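# Remarks on the overall topology
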Amino acid sequence: MNIKNIYYFLTSSRSFCIQIVFTLNAIYYVSQVGLNPLQLVLIGTIMELAILFFEIPTGLVADFFGRKKSLVIGTFIIGAAHLLEGSFPAFWAIAVGALFWGIGWTFISGAETAWIADELENKELDDVFLKGARYSSLGSFFGIIVSVLLAIIFTVQIAILIAGGLLVFIAIISSRIVPETKFVSIAREETTSFHQMQIAIKSGITQIKGNTILFGLAAITLFAGLASEGFDRLWGAHFIEGFQMNEEDAIYWFGAFYAIAFLLNICLLKLVETFVKERFAIVLVFLNSLLVIAMLFFATSEKFLLAAILYWGIASLRAVNSPLMNIMTNKQLQSQGRATTLSMYGQLDAFGQVAGGPLVGMIALYTSVQGGIITSAILIIPTLYFLWKLRRIA
């Protein structure tokens, strides 16, 4: 199988399975388990704490032992995490599942982009990352349809269990089909492993500090993390509680929310892929300005249809950030130690989410869910400043 097609298979199949869970977990958490707004955000905070503490160690695993091993381990752990949370409808099980989900994701986050960038020798990254994002959105779209069907035929809980089992199966398949021909370990016989880890971390920090684009992207990643966790955990509660949706209606509507959002994602990513060949920073300034406005109106809307339209716009705008940031970041990085440096960005994002999530959750608990979403929108604003500073060079 062509290396690009393997990459598209990995991103789309994993997105398919994860989306089955993500389509239904707000319903599962709120309607079946009965979590309150603070508990909803704490679930995300636990996940991000795991990412915060494990990003660098797992990035080093990828740079020392291979990106393929890291991808397989991460996919397996995420599958096991969903099997756990689906097996026991209780806060403790969901919290432990979130912990393992975060750990699993750190094995994937830096390793996957480092793997494909190395295998392609940094060629065609613009096209591959944007096309990969579209395939991922397509996989998520089909995951939404399947999640609704599984929830109707069986239950929300069983749908989550099926998705977890499929992820474990994908990990096994990946161990057989993923090639790794261009990997060069950072391990050196003349120094200890601990000293080599120190060198890798210092090298990554030096790269970021010494490069204006990488430093600016690091600041953007931090503030984006501060803003994202609250919205991720509260938008579903805004619909369920704010518009008094019962579980049956929520299954259909959440399927529609995700399905239309991912169709819009695919269209928007295609437009960006076709017309945006450079000056990614100025494009992100425009898109993130629209995002802030849409989130503020979403939080304050009292009309269900308007809130749905705004959510679709928000989801589409957010989807463009990741591939464009990946392109801008990977173009500046050296091959050796790439996964470790990318993991530092994941760690910054996790730190932002750990700091921002509880803040937004507390505001939502003591004011309203809408108040929490407004806070999330405000936290995005500093990213516009840093993107504007990069507009001439990135």
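Calculation rules
- Residues numbered from 1 in each chain as written.
- Predicted model: local features only at pLDDT ≥ 70, side-chain atom pairs only at ≥ 80, totals over all residues.
- Heavy atoms only, no water.
- Helix = DSSP H or I, 4+ residues; strand = E, 2+ residues; numbered from the N terminus.
- Rg over C-alpha atoms; globule rule 2.2 N^0.38 Å.
- Buried < 20%, exposed > 50% of the residue type's maximum accessible area, 1.4 Å probe, protein only.
- Core = buried A, V, L, I, M, F, W, Y, C linked by side-chain atoms within 4.5 Å.
- Phe/Tyr/Trp six-rings, centres within 6.5 Å; stacked < 30°, edge-to-face > 60°.
- pLDDT = per-residue confidence, 0-100.
- Salt bridge = Lys/Arg side-chain N within 4 Å of Asp/Glu carboxyl O.
- Patch = residues over 30% accessible without salt bridge, like charges linked within 9 Å, V, L, I, M, F, W, Y side chains within 5 Å.
- Areas by Shrake-Rupley, 256 points an atom, 1.4 Å probe, with all protein chains shown as cover.
- Contact = heavy atoms within 4.5 Å.
- Polar contact = N/O pair within 3.5 Å; in protein donor to acceptor, adjacent residues only side chain to side chain.
- Axes fitted to C-alpha atoms, helices over the stretch in contact; angles between N-to-C directions.
- Left-handed = near helix turned anticlockwise from the far one by under 90°.
- Nonpolar A, V, L, I, M, F, W, Y, C, P; charged D, E, K, R; others polar.
- Parallel < 35°, antiparallel > 145°, perpendicular 65-115°, else oblique.

### Overview of the overall build of the chain
- Per the secondary structure count, the chain includes 13 helices and zero strands.
- Scanning the chain from its N terminus toward the C terminus, one meets helices and strands in the order α-α-α-α-α-α-α-α-α-α-α-α-α.
- A compact globule built from 394 residues would reach a C-alpha radius of gyration of about 21 Å, and the chain, at 20 Å, matches this within 12%.
- C-alpha extents for the chain along the principal axes are approximately 65 × 45 × 40 Å.

### Overview of unusual backbone geometry
- Non-glycine residue Gln244 carries a positive phi angle of around 50 degrees.
- Mapped onto the elements of the fold, Gln244 is located in the loop between helix H8 (212–242) and helix H9 (247–275).
- The exposure class assigned to Gln244 is exposed, which follows from its relative accessible area of 68%.

### A short note on the nonpolar core
- Of all hydrophobic cores here, the largest spans 121 residues; its most connected members are Trp115, Trp235, Phe239, Phe254, Phe298, Tyr311 and Leu324.
- Top element by residues in this core is helix H1 (residues 3–33). It accounts for 16 residues.

### Some points on the packing of aromatic side chains
- Per the stated rule, a full pass over the model turns up 29 aromatic pairs.
- Ring geometry for Trp253 against Phe304: centres 4.6 Å apart, planes inclined by 75 degrees, an arrangement best described as edge-to-face. Here the residue Trp253 occupies a position in helix H9, and Phe304 occupies one in helix H11 (residues 304–330), the gap between them amounting to 51 residues.
- One aromatic cluster in this structure is built from Phe231, Trp235, Phe239, Phe243, Trp253, Phe254, Phe257, Tyr258, Phe298, Phe304, Tyr311 and Trp312.

### Here we look at the confidence of the model for the chain
- Looking at the chain, the pLDDT average stands at 85 and 93% of residues meet or exceed 70.
- Of all the helices and strands in the chain, helix H7 (residues 193–209) carries the lowest mean pLDDT, 66, while helix H6 (residues 156–177) carries the highest, 95.

### Quick look at the pattern of salt bridges
- Applying the stated rule across the entire model yields four salt bridges.
- A salt bridge links Arg14 to Glu112, with the shortest nitrogen-to-oxygen separation between them at 2.9 Å. Linking Arg14 in helix H1 with Glu112 in helix H4 (residues 91–119), this pair joins segments that are 98 residues apart in sequence.
- A relative accessible area of 7% places Arg14 in the buried class.
- Of the charged contacts, one joins Asp127 and Lys131 as a salt bridge, the two residues approaching to 3.9 Å between their closest N and O atoms.

### Comments concerning a nonpolar patch on the surface
- A contiguous nonpolar patch, built from Tyr135, Leu138, Phe142, Ile145, Leu149, Ile152, Ile153, Phe154, Ile158, Ile162, Leu166 and Tyr252 and spanning about 1100 Å² of accessible area, is present on the exposed surface.
- Elements that contribute at least two residues to the nonpolar patch include exactly helix H5 (125–153) and H6.
- In terms of residues, the nonpolar patch owes the most to one element, H5, which gives seven residues.
- Structurally, the position occupied by Ile158 is in helix H6.

### Observations concerning the environment of Phe54
- Note on placement: Phe54 falls in helix H2 (residues 37–65).
- Linking Phe54 and Gly44, residues ten residues apart in sequence, is a C-alpha distance of 15 Å.
- In this structure Phe54 touches Ile103 and Thr106, once residues within four positions along its chain are discounted.

### Points about the environment of Leu138
- Its place among the elements puts Leu138 in helix H5.
- The partly exposed category is assigned to Leu138, whose relative accessible area is 35%.
- Separated by 126 residues in sequence, Leu138 and Ser12 place their C-alpha atoms 6.9 Å apart.

### Focus: the side chain of Glu85
- Position of Glu85 among the secondary structure elements: in helix H3 (residues 67–87).
- Engagement of the side chain of Glu85 in a polar contact is seen with the side chain of His82, the distance being 2.9 Å.
- Leaving out residues up to four positions away in the same chain, Glu85 has contacts with Val21, Tyr28, Tyr29, Ala93, Ile94 and Ile160.

### Describing the packing of H2 against H4
- Interhelical geometry of H2 versus H4 gives an angle of 35 degrees and a closest axis separation of 7 Å. When you trace H2 past H4, the crossing you get is right-handed.
- Of the residues that constitute the contact of H2 with H4, the class distribution is 18 nonpolar, five polar and one charged.

### Here's the deal with the packing of H3 against H4
- Across the interface, H3 lies against H4 with an axial gap of 7 Å and an inter-helix angle of 155 degrees. Taken together, H3 and H4 sit at an angle that is classed as roughly antiparallel. Read as a crossing pair, H3 and H4 show a hand that is left-handed.
- The residue inventory of the contact of H3 with H4, partitioned by class, reads 18 nonpolar, six polar and four charged.

### Focus on the environment of Met344
- Counting through the fold element by element, Met344 comes out in helix H12 (residues 338–366).
- Sequence spacing of Met344 and Gly59 is 285 residues, and the spatial spacing of their C-alpha atoms is 8.4 Å.

### Observations concerning the side chain of Thr45
- Positionally, Thr45 belongs in helix H2.
- Beyond its immediate stretch of four places on either side in the chain, Thr45 contacts Glu229, Val354, Gly357 and Pro358.

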